[in-house]
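Spelled out from the first residue to the last, the chains are:
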Amino acid sequence: MGTMPEGSSTAGRGGPRTLAEALRTRGDEELAALLRARPDLLTPVPGDLTQLATRAGTRASVVRALERLDRFTLQTAEALAVAPDPAPYDTLRGLLTGDEGDPAIEAALPHAVEVLRRQAIIWGGADRLRLVRTARELLAPAPTRPSPTGLGPTVAEATAGMSPTRLQEILAVAGLPTTHDPVSAVAALVTLFTDRTRMAALLDTAPPEALTVLDRLVWGPPYGEVTASPTPPVRWLRDRGLLLPASPRTVVLPREAALHLRAGRAHRTVEPLPPEVRPAATTSITQGRPQVVDSTAAGQAFTALSTVEDLLKDWHEGGPAVLRSGGLSVRDLKRTAAALDTNEQMAGFWLELTYAAGLLASDGAADERYAPTPAYDDWLTLPAAERWAGLAAAWLTATRTAGLIGGQDTKGRTLSALGPDLDRSAATEVRRRVLDLLATLPAGTAPDPESVLARLRWERPLRGSGTADPEANAARNAAAVGPTDLRSRIAAWTLREAEVLGITGRGALSAHGRALLGHDTAPADGTGGTDGTGDARHARAEELAADATAALAPLLPEPLDHVLLQADLTAVAPGPLQRPLAETLSVLADVESKGGATVYRFTPGSVRRALDAGRSASDLHTFLATHSRTPVPQPLSYLIDDVARRHGHLRIGAASAYVRCDDDALLGEILADKRSQGLRLRRLAPTVLAAQADPATLLDGLRTMGYAPAAESAEGDVLITRAHARRTPPRTPPAPVPDGPPLPDATLLGAAVKAIRAGDLAATVERKPAPEPAKNGELPRTTSAETLATVQAAAMTGAAVWIGYVNADGAASQRVIAPVRVEGGFVTAYDHTADEVRTYPLHRITGVAELADDSA
């Protein structure tokens, strides 16, 4: 059996009468724990414990606190909401364990009660447990909102409007003696329903059909519709008070009767222990072989880097336009998916990942377009493992949720990639929690996804109910048989995204994934990296990224400095290439296929592209001979020489446009070609043709006809054409949307507790009666002479006094001060409220009173 929770010493009449009094009995560490668990209570810092208690009972704060309870703790609060107010601990335990008892529930209950007490959701001693009023209103049954327990109103609540005669009739039919007033009649009926023996005897006389009616109502909802002439079973129940009228056409099963039918349980199923995260059925493939998981995850990590590079390389000279409403159009998303050889959902994920990492943004120009940021160029220079760690860390902390892309918001508008309204504050917490659950399994073990979702729903049942996600039903990307609540959907997306990003391999958490989460090492202060100042958290994040980099680096393939040239005008890269080699080869050849090995295809167009970039034929021959492990095939050498021989033989410049060539016969051939009619060429001189097309159109037209012209400048020099890199101005990555107020660090908590204690001292300290006592909560009033005499006397004796003070802004406050010096119309004193020495003008002190002798 579980032990009695703390607080039992405050029993009977000596216990606290209000939540504020209960908070005054707490130590500083307990107050700090409350503020840490409910950081919304700190904004702004309450002036005293009464303000803290009032704020802790507001609806918004209570709802937020209830949303962060696990299922069993929430069930404990729900049971207390249907118990008498106040309720002894034994009554609460009986509502959860039932008549037969349950050792697991009894063992877990003290901790649940302590959590509720620590978060100021309940207060009072173990013999007088009280749920804060707002929480009781949210969790207790109501006609328009059934209780989560499925219980209905009590007999007293259900019979509030019933006539005394009708109450006496119910007593008579139930075999009870009549009474002289409704209160005693209700009490007699309650006594009957709560007496297990007498209630069982009454139900033994019930018709079988009546018991069937009760079976339908016992676990809720407790309301049922009846006709003007109810059936005999319903009439039998109604005559004995087992069904009470809730409206002219509705009856309700009273709470006391339902609890008897439930054997005393407030819930059908109580879950004192969290569901276990089970291994997946396919785990046997990797069980005991974490190196397989690490290798697979490393391969996925390398693919992720290649995908991001391909995406931003495709947008190197400027990406698609930004929609007027923000984001990427559906057409551009489809094009991006085709370029990355993936589906639209995954293309959206890669776009959001690069955006979260600060590698992609809008340029802010008049015709706003997306483009890589300057940070992308710095990112490219980093080792592969460091580049991956940056992407993974950005994904782990981002609140933008790529899984929502393609769905609809509450107004029916489609959510677009890189657009607004994709932030979900719960994303970071859920993403982190899913990976933490994976880390609890042995290395190399993949989880059963359904068990992960079940665990998350147990840990946050209210947040997992779907009420916090109004667009869940409208989202087109949620499968019909999949989860519908936001947290479960984010969890499912997390498992998929972690796999493609390389944090997991074959569904199991990798070694570098564990290092990124900090499960291999712990910070020296033992905080887990979640507390402390922002600088400390940032330093911890950098430390974890370095650990992940060190774990991943040995698993990634080393970049190669060579390719294998083949006779069919292709080159095979058997692995990742060094960046200079890869960049040059991407200009000289076209990528034909990717995979474990990349295949490049040499074509006349690709060779001409390299020549246009300023390379000569000899440069290309030298480059290939240097970086090929196989001899340069003769067909490839012929291709380079043939394209180079014709490259630049024709020169095109701006006249509007012209063609210049030393071979007038070649110009005549062009003029005679019917395909050149669209260019509207005419001969100006034996070696010059003029065109009415612009130079770029003329270049493309002649190249289509099979020629190899080169552009030239006004001075007659060949123009070297290289890709123009378009970059945005410096951009910062999008800031995550916080899930409520930030967690306070130890320094802030200490200062807040100190300020609340000082303010409470000023508000509650016992004072001697002032000559003119305050009325209606006003500040006390004393004359200037009385004020001066009192503070002078206190300065001489070293006593503390209580003052009413109005500052220069007209704000009134109450303070406890210990005067040190009085001169020049000012009093210098140690202010217990502010915990510092201050100087106050005497004319701003509205009144003063000595503290009672036992308060000094």
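Residues numbered from 1 in each chain as written. Predicted model: local features only at pLDDT ≥ 70, side-chain atom pairs only at ≥ 80, totals over all residues. Heavy atoms only, no water.

A. Fine view of the overall build of the protein chain. The helix and strand inventory of the protein chain stands at 33 helices and 23 strands. In the protein chain, of all internal contacts separated by at least 6 residues, the share reaching a separation of at least 24 is 66%. Summed over all atoms, the accessible surface of the protein chain reaches about 40,500 Å², with 54% contributed by carbon and sulfur. (Helix = DSSP H or I, 4+ residues; strand = E, 2+ residues; numbered from the N terminus. Contact = heavy atoms within 4.5 Å. Areas by Shrake-Rupley, 256 points an atom, 1.4 Å probe, with all protein chains shown as cover.)

B. Representation of helix α20 (residues 384-397) within the structure. Look at α20: 21 Å from first C-alpha to last across 14 residues, which is about the 20 Å you get at 1.5 Å a residue. Here α20 has its buried residues at Ala385, Arg387, Trp388, Ala389, Leu391, Ala392, Ala394, Trp395 and Leu396. (Expected span 1.5 Å × (residues − 1). Buried < 20%, exposed > 50% of the residue type's maximum accessible area, 1.4 Å probe, protein only.)

C. Main features of the packing of aromatic side chains. All chains considered together, the criterion is met by four aromatic pairs. Residues Trp315 and Tyr370 carry aromatic rings whose centres are separated by 6.4 Å and whose planes lie at 25° to one another, so their mutual orientation is stacked. In this pair, Trp315 is assigned in the loop between α16 (290-314) and α17 (330-340) and Tyr370 in strand β7 (residues 370-372), connecting sequence segments 55 residues apart. Here Tyr370 falls in the buried class, since its relative accessible area comes to 5%. Of note, Arg387 hangs over the ring of Trp379, and the distance from its end group to the ring centre comes to 5.3 Å. Arg431 extends its terminal NZ or CZ atom over the ring of Trp395, reaching a point 5.2 Å from the ring centre. (Phe/Tyr/Trp six-rings, centres within 6.5 Å; stacked < 30°, edge-to-face > 60°. Lys NZ or Arg CZ within 6 Å of the ring centre and 35° of its normal.)

D. Just the pattern of salt bridges, in detail. For the structure shown, the criterion picks out 32 salt bridges. A salt bridge links Glu169 to Arg166, with the shortest nitrogen-to-oxygen separation between them at 3.4 Å. Taken together, the residues span about one helical turn, with Glu169 and Arg166 both in helix α10 (residues 164-173) at a distance of three residues. What makes Glu169 partly exposed here is its relative accessible area of 40%. Look at Arg166 and you get partly exposed, because its relative accessible area is 22%. The salt bridge involving Arg400 is made with Asp423; its shortest N-O contact spans 4.0 Å. Taken together, the positions of Arg400 in the loop between α20 and α21 (426-439) and Asp423 in the loop between α20 and α21 put the pair 23 residues apart, joining distant regions of the chain. (Salt bridge = Lys/Arg side-chain N within 4 Å of Asp/Glu carboxyl O.)

E. The arrangement of the packing of α16 against helix α18 (residues 344-356) in detail. Their axes nearest at 10 Å, the elements α16 and α18 cross at an angle of 85°. Judged by the inter-axis angle, α16 sits roughly perpendicular to α18. Across the interface between the two elements, Ala304, Thr307, Val308 and Leu311 of α16 pack against Trp350, Leu351 and Thr354 of α18. Grouping the amino acids of the contact of α16 with α18 by side-chain chemistry returns five nonpolar, two polar and no charged. (Axes fitted to C-alpha atoms, helices over the stretch in contact; angles between N-to-C directions. Parallel < 35°, antiparallel > 145°, perpendicular 65-115°, else oblique. Nonpolar A, V, L, I, M, F, W, Y, C, P; charged D, E, K, R; others polar.)

F. Examining the side chain of Glu497 more closely. For Glu497, the location among the structural elements is in helix α23 (residues 486-501). Despite its burial, Glu497 remains without a salt bridge, the nearest opposite charge being carried by Arg431 at 4.5 Å. (Lys, Arg positive; Asp, Glu negative; His and termini not counted.)

G. The environment of Gly326, seen in detail. In this fold, Gly326 is placed in the loop between α16 and α17. Gly326 sits 91 residues away from Ala417 along the chain, and the two C-alpha atoms are 9.0 Å apart.

H. Molecular detail of the confidence of the model for the protein chain. Confidence in the prediction for the protein chain averages 84 pLDDT; 88% of positions are at 70 or higher. Ignoring residues within four places in sequence, the model shows residues 466-481, a span with pLDDT below 50, making 29 contacts including any to other chains. Note on residues 770-777: pLDDT under 50 across the span, and five contacts to partners over four residues away in sequence or across chains. (pLDDT = per-residue confidence, 0-100.)

I. Spatial organisation of the sheet that holds strand β23 (residues 845-850). Spatially, five strands are ordered β22-β21-β20-β19-β23 in an open sheet, and the strand pairing comes out antiparallel. Each edge of the open sheet carries a strand with a single partner, namely β22 (836-841) and β23. Pairwise comparison of adjacent strand axes, ignoring direction, gives a mean angle of 45° for this sheet. Pairing of strand β19 (residues 801-806) with β23 involves five bridges; the strand directions are antiparallel. Note that in β23 the partner of Val801 across the bridge is Glu850. Most of the contacts of helix α33 (residues 784-797) go to strand β20 (residues 812-823), to which it runs at about 65°, and overall it touches β19, β20 and β23. (Pairing = 2+ DSSP bridges.)

J. A look at the sheet that holds strand β13 (residues 598-601). Here we have four strands laid out as an open sheet, ordered β10-β11-β13-β12, and antiparallel in their pairing. Lying at the two open borders of the sheet, with one neighbouring strand each, are β10 (564-566) and β12 (590-593). Direction aside, neighbouring strands of the sheet carry axes that sit 30° apart on average. Bridging between strand β11 (residues 570-573) and β13 involves four bridges; their strand directions are antiparallel. In the sheet register, Ala573 faces β13, and the bridge partner there is Thr598.

K. Highlighting the pairing of strand β17 (residues 688-691). Pairing of strand β15 (residues 657-660) with β17, which is carried by four bridges, proceeds in the antiparallel orientation. Note that in β17 the partner of Ala657 across the bridge is Ala691. As defined by bridge partners, strand β16 (residues 681-685) adjoins β17 across four bridges and the pair is classed as antiparallel. Residue pairing for β17: Leu681 is matched across the bridge by Ala691.

L. Representation of the nonpolar core. Counting residues in hydrophobic clusters, the biggest one holds 92 residues, and the most contacted among them are Leu35, Leu52 and Leu131. Broken down by element, the residue count for this core peaks at seven residues, all from helix α7 (residues 103-118). Beyond its immediate sequence surroundings of up to four residues, Leu131 is in contact with Ala77, Leu80, Ala81, Asp85, Ile121, Ile122, Arg136 and Leu139. Trp350, Leu380, Trp395 and Leu556 belong to the second-largest nonpolar core, a separate cluster that totals 68 residues. (Core = buried A, V, L, I, M, F, W, Y, C linked by side-chain atoms within 4.5 Å.)

M. Looking closely at helix α2 (residues 28-37). For α2, the complete set of buried residues consists of Leu31, Ala32, Ala33, Leu34 and Leu35. In this structure, the buried side of α2 is in contact with α1 (19-24), α3 (49-56), α7 and α32 (746-764).

N. Expanded view of the environment of Thr797. You can see Thr797 is positioned in helix α33. The exposure class assigned to Thr797 is exposed, which follows from its relative accessible area of 61%. Once the C-alpha coordinates of Thr797 and Val820 are considered, the two residues, 23 residues apart in sequence, prove to be 9.5 Å apart. A polar contact of 3.0 Å, which involves the side chain of Thr797, links it to the backbone oxygen of Ala793. (Polar contact = N/O pair within 3.5 Å; in protein donor to acceptor, adjacent residues only side chain to side chain.)

O. Looking closely at unusual backbone geometry. For the bond running from Thr43 to Pro44, omega is -10°, close enough to zero to count as cis. Relative to the helices and strands, Pro44 is located in the loop between α2 and α3. Going from Asp85 to Pro86, the amide bond is cis rather than trans, its omega being 0°. Structurally, the position occupied by Pro86 is in the loop between α5 (71-81) and α6 (89-97). Unlike most non-glycine residues, Ala263 shows phi in positive territory, near 60°. With respect to the helices and strands, Ala263 occurs in the loop between α15 (255-261) and α16. Phi angles above zero are rare outside glycine, and Leu418 is one such case at about 65°. Within the secondary structure layout, Leu418 lies in the loop between α20 and α21.

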